[in-house]
Amino acid sequence: MEQDIPPPPPHVLIFLIPALGHVNSMLKLAELLSVAGLRITFLNSEYNHDRLTRHADVCSRYTCRFPGFQFKTITDGLPMDHPRVGHRFDEVLHSVKSVTPPLLKQMLIDDIKPPVDCIISDGFMSFAVDVANELGIPIIYFRTISACAFWAYFCVREIIDAGELPIKGKEDMDRLVKNVPGMETFLRCRDLPSFCRAEDPLDRNIQLFMSETRSSPRAQGLILNTFDDLEGPILSQIRTHCPNIYTIGPLQAHLKTRVPSGMQSTNGFWEVDRSCMAWLNKQPPKTVIYISYGSITTLSREDVMELWHGLVDSNKRFLWVVRPDLISGRDGDQSQIPEKLVEGTKERGYMVGWAPQEKILEHRAVGGFLTHSGWNSTLESVVAGQPMICWPYFADQQVNSRFVGQVWKLGLDMKDHVCDRKVVEKMVNDLMVEKREEFVKSTDRMSKLAWKSRYLRKLRAQPPPPPPTHRRCPSPF
Ligand code: UDP
């Protein structure tokens, strides 16, 4: 008797822009889709793939567990030794846009096998829609930012048309912005995405962020790493332009539900220093504030020193991620961490170059998070129920910060977004002691809602995936 051969699983290409925040969340999405049985090709930039695999055998962790998983790389158009952090990150985006489109098309035709059934592209690369349309492949966008930041980006055209840009100096920063529907009563000029600070509304960064975001309705759908209880009203606004939205966040909570403990992906561009976990284990509950600026934000030496003084003066315990390239020199070169800072931290603090952030946020000793308000960090904090001090630097961080402080009441928005030791000291004390009760109520509530998100409920209703295989196999690189 002939047996029915099941059709091969669909093959999805995941294509992303070269930033760690994007790599982290798109790898999580790739892992979830693999757990569901899909074949995945993960197309990363050569530079970021190199960073990702330098400290851990990330490739075989995926390819061994999921036989249909493969990594591929594509150039971002810049030499490997070109700086890509801080303000230099804009150069990466412009370079990718000019260099990548023909390469992507050629890879899809000649190189990526079996043929791709669907592309999930970072929603910041509208050229992927052109390539997909030309080749007749369905395409869905994935934006790794919050819905509120996406909507602010989307409305920049209306803001410009209404004459609300440019911002006229420091005195103009607290003016309310009237042309982002749903945010009219609280969004100030200082909360707009950082590229809106350019003097000329025709600035190439404003045009880039605006036009890329406006192209979203051209894709067949839009995936956002968020959940309806957090961003429902703003999602309704976005749906008026992009009806087909999939709110699949928080991705890390979904992974924890689907993948047995200890097998979830851990990823980063630096070697993780786990010694901080032993230090944390010795601290009393809820006494440590964790400080991190994500993967590409850089700080001036002056800001680092103000922050350090504020932390020390607060008399609170702190765990601080000082990335090797965190401090920017005047000429863009990275400079060393001041000796005073290393020595002075030893009494109540602990410093690492790169931390296991999600585990830290879940640790019983941690009671707050001083963050640059990158979306992954914000969502990880929401899931872990940690109140935040938001000190935003660029891109979407200002919008996230305003929502954390003003709308969700999950923490404090750094006053005027300026680092001053007195402000840091007061905010740390407010978050950890004075205003703790009021924040904890809202963070607990939102954490529970995150764990109950619609998509998670659907997943829970499905049978768990089979246990992962542990066979060893060589990395394809
Ligand atoms: N992260 C980490 N260890 C660190 C600092 C950050 O694992 O020491 C991770 C963090 O958990 C998050 C990502 O790096 O997933 C940073 O993403 P986010 O969107 O917050 O900021 P970005 O790096 O894009 O500015």
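You'll find the protein entered in an unreviewed UniProt entry as Glycosyltransferase, with Acer negundo given as the organism. As its UniProt record puts it under Sequence similarities (unreviewed entry), the protein is described as follows: "Belongs to the UDP-glycosyltransferase family." The UniProt entry for the protein carries this comment under Catalytic activity (unreviewed entry): "7-deoxyloganetate + UDP-alpha-D-glucose = 7-deoxyloganate + UDP + H(+)".

Draft legend 1. Spatial organisation of the site of the ligand. Near the ligand you find 20 residues, and of these Gly21, Gly294, Ser295, Gly374 and Ser377 are the closest. Of all the elements in the fold, those that place two or more residues in the shell around the ligand are helix H1 (20–35), helix H14 (357–362) and helix H15 (375–384). It is H15 that contributes the most residues to the shell around the ligand, four residues altogether. Here the shell around the ligand is composed, by residue class, of seven nonpolar, 11 polar and two charged.

Draft legend 2. Just the sheet that holds strand E13 (residues 366–371), in detail. Strand order in the open sheet formed by six strands is E12-E10-E8-E13-E14-E15, with parallel pairing between adjacent strands. Of all strands in the sheet, those bounded by a partner on one side alone are strand E12 (349–352) and strand E15 (411–413). In this sheet, adjacent strand axes meet at a mean angle of 15° when their direction is disregarded. Each of strand E8 (288–292), E13 and strand E14 (388–390) touches H15; the most contacted strand, E13, lies at about 165° to it. Helix-sheet contacts for helix H17 (residues 421–434) involve E8, E13, E14 and E15, and the interaxial angle to E15 is about 160°.

Scoring rules and cut-offs
- Residues numbered from 1 in each chain as written.
- Predicted model: local features only at pLDDT ≥ 70, side-chain atom pairs only at ≥ 80, totals over all residues.
- UniProt positions renumbered as here; feature names shortened; annotations may be inferred.
- Near = placed C-beta within 6 Å.
- Helix = DSSP H or I, 4+ residues; strand = E, 2+ residues; numbered from the N terminus.
- Nonpolar A, V, L, I, M, F, W, Y, C, P; charged D, E, K, R; others polar.
- Pairing = 2+ DSSP bridges.
- Axes fitted to C-alpha atoms, helices over the stretch in contact; angles between N-to-C directions.
- Contact = placed C-beta atoms within 7 Å.

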